[in-house]
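Breakdown of the fold
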Amino acid sequence: AAFVETVKSVAANITAARAQLAPIANASHPATCATQTNQDAIAPLRAAGYENGLAVADAGACCAACNGEARCVAWVFETDGSNMCFLLSDVGGVRTSDKSILGTPTRFTRQQYALDVVESALF
């Protein structure tokens, strides 16, 4: 009897998870990044195709650009008014700079998000 109740409980949790997953089946989790204000990269290697940087609206857009580029391991957003974003494929170190924000991407795929939803429904 206990086994049957456990199976029923798991089945109910799976049904609940499916209901939660339906709205996100074709959606992606928002891009997020860890950021360090007043920091810049030392000896950065700019990601191929982005050697000249990107003009973006803000640091959030720079974060999203890095999250969308598989080769990007970090980014620098210039706060000097130029709004330039540099996607980096390698960073030699970090230094203080009062005109930039250094960020690292947190890639959170649809599959990871779906697994988190299922896990929270089951456990």
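Look above for the structure.
As a starting point, this report considers the structure included with it. Bear in mind that the values here come from a model prediction, so they are computed numbers and not experimental data.

Attention now moves to the overall build of the protein chain. A count of helices and strands for the protein chain gives 3 helices and 6 strands. Starting at the N terminus, the α and β elements of the protein chain follow one another as α-β-β-β-α-β-β-β-α. Considering only intrachain contacts with a sequence separation of at least 6, the fraction spanning at least 24 residues in the protein chain is 71%. Accessible area of the protein chain: about 7500 Å², with a carbon and sulfur share of 56%.

A full pass over the atoms with the stated rule returns 2 salt bridges. Residue Arg 95 pairs with Asp 40 through a salt bridge whose shortest N-O separation is 3.0 Å. Of this pair, Arg 95 sits in strand S6 (residues 93-106) while Asp 40 sits in strand S1 (residues 32-42), and the two are 55 residues apart along the sequence. As a salt-bridge pair, Arg 71 and Glu 69 come within 2.7 Å of each other at their nearest N and O atoms. Taking relative accessible area as the criterion, Arg 71 reaches 44% and is therefore assigned partly exposed. Given the relative accessible area of 10%, Glu 69 is considered buried.

All buried positions along helix H2 (residues 59-67) are accounted for by Ala 59, Cys 62, Cys 63, Cys 66 and Asn 67. The buried side chains of H2 occupy one side of the element, clustering within an arc of 135° when seen end-on. Buried-residue contacts for H2 involve S1, strand S4 (74-78), strand S5 (84-90) and S6. The backbone nitrogen of Gly 60 lies 3.1 Å from a side-chain oxygen of the residue at the head of H2, namely Asp 58.

Quick look at the state of the cysteines now. All told, the structure shown has 3 disulfides when counted by the stated rule. Note on cysteine connectivity: Cys 33 is disulfide-linked to Cys 63, with sulfurs 2.2 Å apart. Handedness here is read from the sign of the S-S torsion; for Cys 33 and Cys 63, about 95°, the answer is right-handed. One end of the pair, Cys 33, is in strand S1; the other, Cys 63, is in helix H2, with 30 residues separating them in the sequence. Overall, the relative accessible area of 6% leaves Cys 63 in the buried class. Residue Cys 66 pairs covalently with Cys 72 via a disulfide, S to S 2.0 Å. Since a negative S-S torsion denotes a left-handed disulfide, the Cys 66-Cys 72 link at about -100° is left-handed. The pair formed by Cys 66 and Cys 72 is uniform in burial state, with each residue classed as buried.

Thresholds applied
- Residues numbered from 1 in each chain as written.
- Predicted model: local features only at pLDDT ≥ 70, side-chain atom pairs only at ≥ 80, totals over all residues.
- Heavy atoms only, no water.
- Helix = DSSP H or I, 4+ residues; strand = E, 2+ residues; numbered from the N terminus.
- Contact = heavy atoms within 4.5 Å.
- Areas by Shrake-Rupley, 256 points an atom, 1.4 Å probe, with all protein chains shown as cover.
- Salt bridge = Lys/Arg side-chain N within 4 Å of Asp/Glu carboxyl O.
- Buried < 20%, exposed > 50% of the residue type's maximum accessible area, 1.4 Å probe, protein only.
- Arc of directions from axis to C-beta.
- Polar contact = N/O pair within 3.5 Å; in protein donor to acceptor, adjacent residues only side chain to side chain.
- Disulfide = S-S within 2.5 Å.

These values are about where atoms sit, not about what they do.
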